[in-house]
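Below, each chain spelled out in residue letters.
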Amino acid sequence: MTSLHETPFFQMTDICKGYPMGDEWQPVLKNVNLTIEKGEFLSVLGPSGSGKSTLMNIIGCLDTPTSGEYILHGRRVDQLDENQLSTLRNREIGFIFQSFQLLKRQDALANVELPLIYAGLSVQKRRQRAEEMLCRVGLSEKLHYMPNQLSGGQQQRVAIARALATNPSILLADEPTGALDQKTGRQVMALFRELNEEGRTIIMITHDVKIAANASRIVRILDGELSEGVVEDA
Amino acid sequence: MLKESLRMSLGNIRANKMRSFLTILGIIIGVMAIIALITVMESATGEVTAQFESLGTGKLTVQAGGTPLKQGLRETDLRRIEQLDNVSGISPSLSQNISVVWQGQLLEDVTVKGNGYAYFRKNPTAVEKGRPLVPVDFDQYSRVCLIDSELAHELFSGVDPLGQQLLVKGTRFTIVGLLADPDVDDVMSQMQAMGEDGSLMMPYTTYMRLFGVKGVTGLEVYVSDSDRTNDTVEALEALLDECFNYHDGSYSVINMEGLLDVMDTMMSLMTNLLVGIASIALLVGGIGIMNMMLVSVTERTSEIGLRKALGAKPRSIQIQFLMESVILSLLGGIVGVALGLLVSKLLSNLMNIAFVFSPGAVALGVGFSLAVGVIFGWAPARKASNLNPIDALRSV
Ligand SMILES: Nc1ncnc2c1ncn2[C@@H]1O[C@H](COP(=O)(O)OP(=O)(O)O)[C@@H](O)[C@H]1O
Ligand SMILES: [Mg+2]
């Protein structure tokens, strides 16, 4: 239960999610409880089909749980409608996808500006902020490169810059190194750790123990059940 | 936000130039057809109306063949017609080609006409020099006449014809005026058969006496207030019935204005029909746009999902897609209007009629294409806005 004095930064209580399968109900997440402090770097580690993406969708406010309570940045999120969820995603969540999800026909700068458009920033502010973010991820030279002119690692950096743009409470990454070679993957992980050291809260979903080891805390998910893990040495 | 949607839509249209162009081709053709049809019809209507008007509005044409016993209208009948309410004058069609003599010079083939004074009131420019025929000439059977430039040229080279006296059928006539050359566009004067040696005009009363004409079979009746033409037609018909003893088919009264109304109605009916047909092209164009938008939504499913994940509300996605279809169809509409005007300009040149720019048609074309964009863009935009970001992102 939440105390009256302090509202938690991130708290999931008894989160369940299931899908109807014919006549039956198929549970995917089973009573997930998870509390995260501001500034943590958390890995959610689990095999394929364990419910990682489902959990990530709920954390990322793309989906609502069937039951349970989810508090993000002091606000209850589990019962919000689509428009409210949109705003919340825009302000509080920085998504980083396995497949980068950049708009092919837009240059790096425009891609980073995208969430800022929906945040309602003016053109100048948008540009300025997007440039700052691209500089932060080390792409100050590539502002006007199209995604297909960038390497995988660079594309993921653009995606990270985009995730940072609205200064969200949480960076939420789903298999961020899944599409990268090992070396580039390590570079991206180094960037993640840097960002975490600057105070960013990061939730990273992965099936790879080595990647998960970059985080300061690991939770394991198996068949929709979450358990606290130990940080293993890579 | 709206500006953003506009920018994004334009970007997407630009990125798919060829496809966008092909998609709006239907709209272009539809709008072009509508604009061209309306404009050409309006120009043609204007042209025909002008022709009819030159034939005479505010004027009733009477054909009075009469009965075997009474062929045509007597002078007394004509006088009564002139006295009718709302009749400003009459002009019987009396003419024949005979010879005219001046100072021993003979012209063999001169058209001699008997006119009413109303003719001159109706056509103030008919007299170039001198005076027109006035009511007193008619009352007193004055032996005065006006001659046209051809006759003046034939007889009086170097002499002022005014005041000269001519012999017509052995009777002396004083020339009081010169007739202006008729307007080349005036169908009425072109239709009149002209004698080889020009023509001469005298009061119809004088004409009837001179040639012993008992009955006039054709005349024009001028109406002062054209709003009351129908009443005047009734009164005229009552009078003619009386003149011809209620004999069936003894006369007919043609109201040019009535004909004009009928023609207007027919023309607008025709325009509506053609526009209806052209609208089918627009409908097909609209379906084309809908198709392209649906394809576009499917192609951009993951983009839509991404935008939603990054904070786009369903509404902004909907606006973006709706904007895109509206821009597409408006673009088609504008190009269609331009081409339509061009085509109608060419057509009216080809048909030798005056091109009439119709703002109504332009508004209709643009309005239609706008409506098509909204109507046929609605469903795809809705579909896009309802996409679930999770499924959409997964679809990569
Ligand atoms: N929309 C859905 N409808 C039905 N079942 C689903 C749906 N989404 C996920 N699942 C099921 O939930 C389970 C977990 O899926 P997911 O969260 O994608 O796992 P992971 O990302 O760990 O591979 C899978 O068995 C999957 O079949
Ligand atoms: Mg997954």
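Check the entry above for the structure.
Colleague: Got a minute to help me understand the overall build of chain A in this structure?
Modeller: Of the regular secondary structure elements, chain A holds seven helices and 10 strands. Principal-axis analysis of the C-alpha atoms places the extent of chain A at approximately 50 × 45 × 40 Å. Contacts spanning at least 24 positions in sequence make up 69% of the contacts within chain A whose residues lie at least 6 apart. Accessible surface, chain A as shown: approximately 11000 Å² in total, 46% of it carbon and sulfur. Across chain A, the 25 positively charged side chains and the 29 negatively charged ones have centroids separated by 8 Å.

Colleague: Just checking my understanding: could you explain the site of ligand 1 for this structure?
Modeller: All names here are of chain A. Close to ligand 1 lie Y19, Q26, V28, P47, S48, G49, S50, G51, K52, S53 and T54, which account for all nearby residues. A distance of 2.5 Å is found between an oxygen atom of ligand 1 and a side-chain nitrogen or oxygen belonging to T54. Coverage of ligand 1 by the protein chains reaches 66% of its 560 Å² of free accessible surface. Every element with two or more residues in the shell around ligand 1 is listed here: β2 (24-36) and α1 (52-59). In terms of residue count, α1 provides more of the shell around ligand 1 than any other element does, three residues in total. Across the shell around ligand 1, the residue classes break down as three nonpolar, seven polar and one charged.

Colleague: What am I meant to see in the sheet that holds strand β2 (residues 87-92) of chain B here?
Modeller: What holds strands together in a sheet is hydrogen bonding between their backbones, with the strands either parallel or antiparallel. Residue and element names in this part refer to chain B. Taking strand neighbours across the sheet as the criterion, the four strands line up as β2-β10-β1-β11 in an open arrangement whose pairing is antiparallel. Strands with a single pairing partner mark the edges of an open sheet, and in this sheet they are β2 and β11 (252-255). For this sheet, the mean inter-axis angle between neighbouring strands, taken without regard to orientation, is 20°. Of the strand pairs in this sheet, strand β1 (residues 59-63) and β11 are connected by four bridges, and their pairing is antiparallel. Across the sheet, L60 pairs through a bridge with N255, a residue of β11. Against the sheet, helix α10 (residues 256-299) contacts β1 and β11, and its axis sits at roughly 55° relative to β11.

Colleague: Whenever I open this one, the pattern of salt bridges confuses me. Can you help?
Modeller: Any two side chains of opposite charge can pair, given that their charged atoms come close. Enumeration according to the criterion identifies 25 salt bridges over all chains in this entry. One salt bridge in this structure joins K308(B) and E82(A), with 3.4 Å as the shortest N-O distance. Of this pair, K308(B) sits in helix α11 (residues 301-309) while E82(A) sits in helix α2 (residues 82-92), placing the two residues on different chains. Under the relative-accessibility criterion, E82(A) is labelled partly exposed at 45%. Salt-bridge contacts for R129(A) lead to E132(A); the nearest nitrogen and oxygen are separated by 3.8 Å. You can see R129(A) and its partner E132(A) sitting in helix α4 (residues 123-136), three residues apart, about one turn around the helix.

Colleague: Just checking my understanding: could you explain the packing of α11(B) against helix α12 (residues 314-350) of chain B for this structure?
Modeller: Helices that pack against each other are described as a pair by the angle of their axes relative to one another and the distance between those axes. Residue and element names in this part refer to chain B. For the pair α11 and α12, the least separation of the axes is 10 Å and the interaxial angle reads 140°. By the criterion of interaxial angle, the relationship of α11 to α12 is oblique. In this structure, α11 meets α12 at a crossing whose hand is right-handed. Contacts between α11 and α12 involve E303, I304, R307 and K308 on the former and, on the latter, P314, I317, Q320 and F321.

Colleague: Sorry, what's going on with the packing of aromatic side chains here?
Modeller: Geometry of an aromatic ring pair is reported as the spacing of the ring centres plus the angle between the planes. Residue and element names in this part refer to chain B. Under the counting rule described, the total for this entry stands at eight aromatic pairs over all chains. These aromatic residues form a ring-pair network of at least three members: Y117, F138 and Y204. For K70, the ring lying beneath its charged end belongs to F244, and the centroid distance is 5.5 Å. Above the plane of the ring of Y141 lies R209, whose end atom (NZ or CZ) is 3.6 Å from the centre.

Colleague: Honestly, helix α3 (residues 75-83) of chain B in this entry has me stumped. Any pointers?
Modeller: For the α-helix, the turn length of 3.6 residues means that residues three or four positions removed from each other point alike. Residue and element names in this part refer to chain B. When α3 is considered as a whole, its buried residues turn out to be E75, D77, L78, I81 and E82. What you see down the axis of α3 is that its buried residues fit within an arc of 155°, all on one side. Counted as exposed and oriented over 90 degrees from the buried face of α3: T76 and Q83. Residues of α3 that are buried make contact with β2, α8 (204-211), β10 (218-223) and α9 (229-243).

Colleague: Would you take a moment to explain the nonpolar core for this structure?
Modeller: One recurring pattern in soluble globular proteins is that nonpolar side chains are buried together. In this structure, F10(A), M12(A), L55(A), Y70(A) and I203(A) are the most contacted members of the largest nonpolar core, which totals 74 residues. The biggest single contributor to this core is α12(B), with eight residues. Those residues in contact with F10(A) that sit more than four places away from it in its chain are L34(A), T35(A), I36(A), I59(A), Y70(A), I71(A), L72(A), I170(A) and I203(A). Membership of the second largest hydrophobic core comes to 57 residues, among which are L60(B), L155(B), F156(B) and V253(B).

Cut-offs used in this document
- Residues numbered from 1 in each chain as written.
- Chains lettered and ligands numbered in written order.
- Predicted model: local features only at pLDDT ≥ 70, side-chain atom pairs only at ≥ 80, totals over all residues.
- Heavy atoms only, no water.
- Helix = DSSP H or I, 4+ residues; strand = E, 2+ residues; numbered from the N terminus.
- Contact = heavy atoms within 4.5 Å.
- Areas by Shrake-Rupley, 256 points an atom, 1.4 Å probe, with all protein chains shown as cover.
- Lys, Arg positive; Asp, Glu negative; His and termini not counted.
- Charge placed at Lys NZ, Arg CZ, Asp CG, Glu CD.
- Near = heavy atom within 4 Å.
- Polar contact = N/O pair within 3.5 Å; in protein donor to acceptor, adjacent residues only side chain to side chain.
- Nonpolar A, V, L, I, M, F, W, Y, C, P; charged D, E, K, R; others polar.
- Pairing = 2+ DSSP bridges.
- Axes fitted to C-alpha atoms, helices over the stretch in contact; angles between N-to-C directions.
- Salt bridge = Lys/Arg side-chain N within 4 Å of Asp/Glu carboxyl O.
- Buried < 20%, exposed > 50% of the residue type's maximum accessible area, 1.4 Å probe, protein only.
- Parallel < 35°, antiparallel > 145°, perpendicular 65-115°, else oblique.
- Left-handed = near helix turned anticlockwise from the far one by under 90°.
- Phe/Tyr/Trp six-rings, centres within 6.5 Å; stacked < 30°, edge-to-face > 60°.
- Lys NZ or Arg CZ within 6 Å of the ring centre and 35° of its normal.
- Arc of directions from axis to C-beta.
- Core = buried A, V, L, I, M, F, W, Y, C linked by side-chain atoms within 4.5 Å.

Interpretation in functional terms is not warranted from these geometric data alone.
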